[in-house]
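# A closer look at the structure
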Amino acid sequence: MTAILPRRAALRALAGLPALMSAGALAGTREDFAQALERDPRLLGFATARAESLAAPLAPLRGRLPSGLAGILWRNGPAEHERFGHRYRHWFDGDGMVQAFAVADGGASHRARILDTPKRRRETRAGKRVMPAFGTPGSGPLLGPDDMNAANTSMLAHSGRLMALWEGGSALEVDPATLAAGKFVAWHPDLAGLPFSAHPKVEPDGTLWNIGFVTRPRPSLLFYRIDPNGRLLKANLVDAGPLGMVHDFVVTARHLVFLLPPFVLEPERYGTFLDSHIWRPQLGTRVLTVDKNTLEPVRRHELPPGFHFHHGNGWEEPDGTIRLDLCQSPDPRFVTEDFRGVMDGRLRFGSPHPRYRLAVLRPDGTAAIEDGASGAAEFPRIDPRYTGRRHRAVFALAGGDAGEGWPLRRIARLDPEGGETDAWAYPRHQVPEEHVFVPRGDAEADGWLIGPFLDLRRRATGLNVFEAARVSDGPLWEGVLPYPVPLGLHGIFAPA
Ligand SMILES: [Fe+2]
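Here we summarise the structure given alongside this text. (Residues numbered from 1 in each chain as written. Predicted model: local features only at pLDDT ≥ 70, side-chain atom pairs only at ≥ 80, totals over all residues.)

## Notes on helix H4 (residues 333-344)
A rise of 1.5 Å per residue sets the reference length of H4, with its 12 residues, at 16 Å; its end C-alpha atoms lie 16 Å apart and thus fit the reference within 8%. Of all the residues in H4, the buried ones are Phe334, Val335, Phe339, Val342 and Met343. End-on, the buried residues of H4 take up no more than an arc of 120°, which puts them together on one face. The elements touched by buried residues of H4 are helix H2 (30-39), strand E6 (86-87) and strand E24 (322-329). Positive backbone phi, at 90°, marks Gly345, one or two positions downstream of H4. (Helix = DSSP H or I, 4+ residues; strand = E, 2+ residues; numbered from the N terminus. Expected span 1.5 Å × (residues − 1). Buried ≥ 20, exposed ≤ 12 C-beta atoms within 10 Å, placed from the backbone. Arc of directions from axis to C-beta. Contact = placed C-beta atoms within 7 Å.)

## Here's the deal with the sheet that holds strand E14 (residues 208-214)
Each strand in a sheet pairs with its neighbour through backbone hydrogen bonds, running either in the same direction (parallel) or in the opposite one (antiparallel). As summarised here, the arrangement of the four strands in space is E13-E14-E15-E16, forming an open sheet in which the pairing is antiparallel. Of all the strands in the sheet, the pair left with one neighbour each is strand E13 (201-202) and strand E16 (232-238). When E13 meets E14, the two strands line up antiparallel, connected through two bridges. Along E14, the bridge assignment pairs Val202 with Leu208. (Pairing = 2+ DSSP bridges.)

## Brief notes about the environment of Ala496
Position of Ala496 among the secondary structure elements: in the segment after strand E35 (490-495). Classification of Ala496 by C-beta neighbours within 10 Å gives exposed; the count is 9. Put simply, Ala496 and Ile72 are 424 residues apart on the chain and 7.1 Å apart in space, counted from C-alpha to C-alpha. Sequence-distant contacts of Ala496, defined by excluding residues within four places in its chain, comprise Ala70, Gly71 and Ala104.

## Here we look at the sheet that holds strand E10 (residues 161-165)
Strands sit in the order E9-E10-E11-E12 across an open sheet of four strands; the sheet is antiparallel. Either end of the sheet is taken by a strand with one partner, and the two such strands are strand E9 (154-158) and strand E12 (181-184). Going from strand to strand, the sheet's axes swing by 35° on average, the running direction of each strand aside. As paired elements, strand E11 (residues 172-174) and E12 share two bridges and run antiparallel to each other. (Axes fitted to C-alpha atoms, helices over the stretch in contact; angles between N-to-C directions.)

## Details of unusual backbone geometry
Here the bond from Gly140 into Pro141 is cis, since omega is 5°, no more than 30 degrees from zero. In the Ramachandran plot, Asp105 falls in the positive-phi region, its phi being about 50° despite a non-glycine side chain. The exposed category is assigned to Asp105, around which 8 C-beta atoms lie within 10 Å. With phi around 45°, Ala151 is a residue other than glycine that occupies positive phi space.

See the structure below:
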């Protein structure tokens, strides 16, 4: 195979990352957090993992597990929030913990393990925290993105491999039997060490698409097209103008679509990765539509400024109009302020929350965006068989009643054309995490929802299974572990 990227471009993208370095103090606020947790049990989800490895069966609390549901809910999230006496300063910083909720034969069990990445092993050898993180300074040295790869954001099962994903570095192989961290994945020798983001899209035929947010020599987007056997078919590095972290995207029949929030990386700013991002609302939200065959941009649109992490899905109409959904907030303060505050023991969630919104991108270059449902919404998931096709069901965590202190207390079904169509509110003492759809029959959204929650009364993590067509009936089955696990981010369900 000829070079996927000009070698020089790949090497430049891997060159030193001074923008990610900072001479700031390493000390966190471990004591402050411990005191705050005494006062406010809701902070339990942001406490550090109580052990490097955990394993236990789930004790059933109600209902029966559906006989057809068998497989593993793989999850990942920052979990080691404190090391060597120091506490990280942002929720997204801690070393990742892979979790396996195995469901079979009417019962469920749990295993979890901190991923011992090269970054973490280096710090173990040093006996102190060394490397910079997303929102916490470090002293390095940092020669490439994987030197700070915490592997803490999501999971991917593809072409016979299980992988832990992070926003800014390579996918990390994980041994499904032991949960041990393996090697970083190089999809092609020329791309070894370059970022492979945490929200890849897998089409029903197994084709895998992803992006990498490359920061050097200037912020750029790296596009990946990978066949069902894990073979890289094409990659392209595109300079898209002012750019910040691009967390997610949608795939349609013919295009990849990227909404670029005006939260842009200005590497000359000397701070953490997060501190180097500046809110520039005057840039608006730029939209980049990329041809799937050439991986070159073919259309550009502009939308009002906003910040988002996640999309549900997108599709293309016969006339070329693209429609997509996302969970968007007016600005990124929930990331820059609220998710920092929880690490210091300040659980306020005072910033504007993301809402479920719909964007339309017309072939004449015009574009519009509007609310698709009222209230806060995040962690949208779809029936994976509808990736890139017109969908009518998104399952998301949604806002509850005002004033309850936790912004996402319900599990809701959203319809891009009809708003919220079904929902169930978790009791006040339970904090739901992302719920994943598991297909059963042929029709869209015929299946189950499975997702964990943190039970603040029991001080333990639990797991719920819902009939996806009747979320408002409440869980079909509920089980609970004998221990809490830090609140995680994303997961996948791998059928048995
Ligand atoms: Fe995400």
